[in-house]
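The lines below spell out each chain.
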Amino acid sequence: MNLRALAAKVAFQVLEKGISLSVALPDQQKHLESGKDKALLAELSYGVMRHLPQLDKLVGDCMSKPLKGKQRIVHQLLLVGCYQIYFTRIPSHAAISETAEACRQLRFEGLVKVVNGVLRNIQRQDKPLPTDNDTLAFNTPAWIVKRLKEAYPQSWQEVIEHSHQRPPMWLRNNKLSQTRDEYLAALADIEIGASAGKSSDAILLDSPRDVAQLPGFEQGAASVQDGAAQWAATLLAPKDGELILDACAAPGGKTCHLLEQANIELMAVDFDEKRLERVQQNLDRLSLKAKLVHGDAADIDSWWQGDKFDRILLDAPCSATGVIRRHPDIKWLRKQSDIEELASLQSKILDHCWQWLKPGGTLLYATCSILPQENEQQIRSFLERTDDVTLVPIIEQPNTESIGWQITPGTENMDGFYYARLVKG
Ligand SMILES: C[S@@+](CC[C@H](N)C(=O)[O-])C[C@H]1O[C@@H](n2cnc3c(N)ncnc32)[C@H](O)[C@@H]1O
């Protein structure tokens, strides 16, 4: 099937069915043979998600009435067509004819003329990108813009800008396999430009690569993980022989990093059985072992009767607003009401995990959110309602007075993330 038709299907799955881009895109990519075509499909799919309000407006302005019901996929196809005209170097005539052909392949022959006409109009009119309101100007739902303005009065525009940039690719050197310097040298040998990040295993690639090109990737020499996420293992600092709980573990990036740090007994728990399979796949590639549990981190008693834990990583379910640059569909899949629901789930899991931490033990609370409700405010209320807790400042946080370390997207090339280190007693 024509690549534009596949891009329309991806957009339809995300926008009409609520399926995440990271599931919908690979589902359609498997119909394509060449790496180049797969990359173009990704570019069109990500592009539509990044610029959705502006594309919607440009397309809507050229239609007499909106497409509804089953024909909605043709609307998504028009977004794909419009994205090509405004944001790619594909010649407009080729973009338009390919997109019209896609309409035929999607079995909407009766709408081919409409697609052709709308896209030709858009091209001819060559209007500036619409910026009439915050949603259009920032390609972000108004409620997210509002919350970011409140949280970052000085820098909210920068935060949004960074959330729309193409993210870099970070690797995590597996120190059980080789030192970071050795891996950097192996990358240099095959002319892959890279530099060391601030945390001990982090490597920032000059440009993203297919993992198949990375030395020893299949054998577990390195993993793909953002620089911000790599701070979790460093900040939790597990020691040999300790019993550790990774309370929300899937897909297991941090689970594996913890196991690469020290010889520990690790329980990796997740609510989602399907995602837990990915933890096992990651462990297998790296030849690591953990005890996987399909269970609720807010009900540990139901699956664990052993000792309390020396350290707990609570990488809580969150809005993921810190990783919009990697998952632009988050902007359209999240609702305003999700934030309060997530905050209450986070506090429930946090209170419960705290009961399972040994005196003197450390709990690292983490989210990939940039909203204070899930981060500073969450930890502030935990500190207020809990007697036996000390907040231990993180050396990297720019302001030692602040509660926890809020990383905003783009800071030192990292994703948006939040860490708070809590010690019992
Ligand atoms: C931010 S992700 C974890 C990412 C993971 N730590 C990593 O580094 O790859 C949050 C996870 O929490 C899980 N989750 C949500 N509610 C949970 C609960 N009550 N108990 C256990 N896991 C839960 C979700 O299924 C999801 O996999």
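As recorded in an unreviewed UniProt entry, the chain goes by 16S rRNA (cytosine(967)-C(5))-methyltransferase and comes from Shewanella eurypsychrophilus. In its Catalytic activity (unreviewed entry) section, the UniProt record describing the chain reads: "cytidine(967) in 16S rRNA + S-adenosyl-L-methionine = 5-methylcytidine(967) in 16S rRNA + S-adenosyl-L-homocysteine + H(+)". UniProt, in its Sequence similarities (unreviewed entry) section for the chain, records the words "Belongs to the class I-like SAM-binding methyltransferase superfamily. RsmB/NOP family."

A. Here's a closer look at the side chain of Lys331. Within the secondary structure, Lys331 sits in helix H15 (residues 330–333). The charged side chain of Lys331 is buried without a salt bridge, its nearest counter-charge being Asp329 at 9.2 Å. Among the polar contacts listed, one links the side chain of Lys331 to the side chain of His164, at a separation of 2.7 Å. Ignoring sequence-local partners within four residues, the contact set of Lys331 consists of Met49, Arg50, Asn139, Thr140, Pro141, Ile144, His164 and Ile324.

B. Up close: the site of the ligand. Lining the immediate surroundings of the ligand are 19 residues, of which Asp270, Arg275, Asp296, Ala297 and Asp315 lie closest. One of the backbone N or O atoms of Ala250 is found 3.2 Å from an oxygen atom in the ligand. Protein contacts shield 86% of the accessible area of the ligand, which totals 600 Å² for the unbound molecule. Per-class residue counts for the shell around the ligand are ten nonpolar, three polar and six charged.

C. Quick look at the state of the cysteines. Tallying each qualifying case throughout the model produces zero disulfides. A disulfide-free cysteine, Cys62 has its sulfur positioned 8.1 Å from the sulfur of Cys82, the nearest such atom. With no disulfide of its own, Cys103 lies closest to Cys82 among cysteine sulfurs, the gap being 16 Å.

D. The side chain of Gln225, seen in detail. Its location among the elements puts Gln225 in the loop between strand S4 (222–224) and helix H12 (231–236). Side-chain polar atoms of Gln225 contact the side chain of Arg172, separated by 2.9 Å. Beyond its immediate sequence surroundings of up to four residues, Gln225 is in contact with Trp170, Leu171, Arg172, Gln230, Gly253, Lys254 and His257.

E. Quick peek at the sheet that holds S4. Overall, antiparallel pairing links the four strands, which are arranged S2-S3-S1-S4 in an open sheet. Strand pairing shows two members of the sheet lacking a second neighbour, strand S2 (194–196) and S4, which therefore form its edges. Between one strand and the next, the sheet's axes are offset by a mean angle of 30 degrees, whatever the strand orientation. In this structure, S2 lies alongside strand S3 (residues 202–205), joined through three bridges in antiparallel fashion. Across the sheet, Ala196 pairs through a bridge with Ile203, a residue of S3. Together, strand S1 (170–173), S2, S3 and S4 form the strand contacts of helix H11 (residues 180–189), whose direction differs from that of S3 by roughly 20 degrees.

F. Geometry of the UniProt feature "domain: SAM-dependent MTase RsmB/NOP-type" (unreviewed entry) in the chain. Per the UniProt annotation, the sites labelled "domain: SAM-dependent MTase RsmB/NOP-type" (unreviewed entry) are residues 159–425. Secondary structure content for residues 159–425 is 29% helix and 22% strand, and the end C-alpha separation is 36 Å.

G. Representation of the domain arrangement of the chain in the model. We note that the domain assignment places domain 1 (3–130), domain 2 (170–224) and domain 3 (231–424) within the chain. The C-alpha centroid of domain 3 is placed 37 Å from the C-alpha centroid of domain 1. Across the contact, eleven residues belong to domain 1 and seven residues belong to domain 3. Surface buried jointly by domain 1 and domain 3 totals about 730 Å² across both partners, of which 67% is contributed by carbon and sulfur atoms. Considering only the side of domain 1, the residues that lose the most area to domain 3 are Tyr46, Met49 and Arg50, jointly responsible for 46% of the buried surface there. There are zero salt bridges connecting domain 1 and domain 3.

Each value, and the rule that gives it
- Residues numbered from 1 in each chain as written.
- Predicted model: local features only at pLDDT ≥ 70, side-chain atom pairs only at ≥ 80, totals over all residues.
- Heavy atoms only, no water.
- UniProt positions renumbered as here; feature names shortened; annotations may be inferred.
- Helix = DSSP H or I, 4+ residues; strand = E, 2+ residues; numbered from the N terminus.
- Buried < 20%, exposed > 50% of the residue type's maximum accessible area, 1.4 Å probe, protein only.
- Lys, Arg positive; Asp, Glu negative; His and termini not counted.
- Salt bridge = Lys/Arg side-chain N within 4 Å of Asp/Glu carboxyl O.
- Polar contact = N/O pair within 3.5 Å; in protein donor to acceptor, adjacent residues only side chain to side chain.
- Contact = heavy atoms within 4.5 Å.
- Near = heavy atom within 4 Å.
- Areas by Shrake-Rupley, 256 points an atom, 1.4 Å probe, with all protein chains shown as cover.
- Nonpolar A, V, L, I, M, F, W, Y, C, P; charged D, E, K, R; others polar.
- Disulfide = S-S within 2.5 Å.
- Pairing = 2+ DSSP bridges.
- Axes fitted to C-alpha atoms, helices over the stretch in contact; angles between N-to-C directions.
- Domains from an automatic or database assignment.
- Buried area = accessible area lost by both parts, 1.4 Å probe.

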